[in-house]
Amino acid sequence: ALFHSQSNSHELSTVVVAMSGGVDSSVVAGLLSREDYDLSAVYMRNWDTRDESGTDQGCEWKKDYADVLRVCKMLDIPCKLVRSPPRLCLNGIE
């Protein structure tokens, strides 16, 4: 997923790439980093029923996020972690 905005022709276009920790989003970030964009990445940690129990055992989000951070460091692009609210997942993502 991409978000793109450009305020005027003299400024860099801003592009935000949603990263999953997988190959596809990493390749997209790599390709975009070669272009003349103000590029950044975002990783969304989706709410999980394990969040209610207070444990992340068995949850892969930390590994995925570590992969995203590693790719972003290699590409020299900033990355932001965001958490989705429970109702978003209950109503549409899960």
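Residue positions are given per chain, counting from 1 as you read along its sequence in written order. The predicted nature of this model means local features are confined to residues of pLDDT at least 70 and side-chain atom pairs, given and counted, to a pLDDT of 80 or more, with totals for whole chains, interfaces and linings taken over all residues. The side-chain numbers reported here are obtained from all heavy atoms of the structure, hydrogens and water having been left aside.

(A) Structural detail: the overall build of the chain. Strands are runs of DSSP state E lasting at least two residues, helices are runs of H or I lasting at least four, and both sets are numbered from the N terminus onward. Summing up its helical and strand segments, the chain has four helices and four strands in all. Traced from its N-terminal end to its C-terminal end, the chain shows the element sequence β-β-α-β-α-α-β-α. Within the span of the chain, comprising 94 residues, buried residues form 29% of the whole. A separation threshold of at least 6 residues defines the contact pool for the chain, and within that pool the share at least 24 residues apart is 56%. A total of about 6,500 Å² of accessible surface is found on the chain, and carbon and sulfur atoms cover 52% of it. Note on exposure labels: buried denotes an accessible area under 20% of the residue type's maximum, exposed denotes more than 50%, and partly exposed covers the range between, all computed with a 1.4 Å probe on protein chains only. By the convention used here, residues are in contact when the closest approach between their heavy atoms is within 4.5 Å. Working definition of accessibility: Shrake-Rupley area with a 1.4 Å probe, residue cover restricted to the visible protein chains.

(B) View of the side chain of Ser26. Following the sequence through the fold, Ser26 ends up in helix α1 (residues 23–33). Judged by relative accessible area, which is 18%, Ser26 ranks as buried. Those residues in contact with Ser26, other than ones at most four positions away along the chain, are Met19 and Val71.

(C) A look at the pattern of salt bridges. Note on definitions: salt bridges are taken to be side-chain nitrogens of Lys or Arg within 4 Å of carboxyl oxygens of Asp or Glu. Evaluated as defined, the whole model comprises two salt bridges. Among the salt bridges present, the one from Arg70 reaches Asp67, with a minimum N-O distance of 3.0 Å. In this pair, Arg70 and Asp67 both sit in helix α3 (residues 61–75), three residues apart, roughly one turn of the helix. Residue classification places Arg70 among the partly exposed positions, given a relative accessible area of 48%.

(D) Expanded view of the pairing of strand β2 (residues 13–18). Every second residue of β2 is oriented toward a common face, the buried set being Ser13, Val15 and Val17 and the non-buried set Thr14, Val16 and Ala18. Strand pairing requires that DSSP identify at least two bridges connecting the strands. Relative to strand β3 (residues 37–45), β2 runs parallel, the two sharing six bridges. Directly across from Ser13, in β3, lies its bridge partner Tyr37.

(E) Geometry of α3. Here the expected span of a helix is defined as 1.5 Å times the quantity of residues minus one. End to end, α3 covers 21 Å across 15 residues, agreeing with the expected 21 Å (1.5 Å per residue, within 8%). Residues of α3 that are buried include every one of Trp61, Tyr65, Asp67, Val68, Val71 and Cys72, and no others. Buried positions in α3, seen along its axis, are confined to an arc of 155° and lie on one side of it. In α3, the exposed positions that point more than 90 degrees away from the buried face belong to Lys73 and Met74. Contact partners of the buried residues in α3: α1, β3 and β4 (79–83). Directly beyond the C-terminal end of α3, a positive phi value near 60° is found at Asp76. Arc definition: directions from the helix axis to the C-beta atoms.

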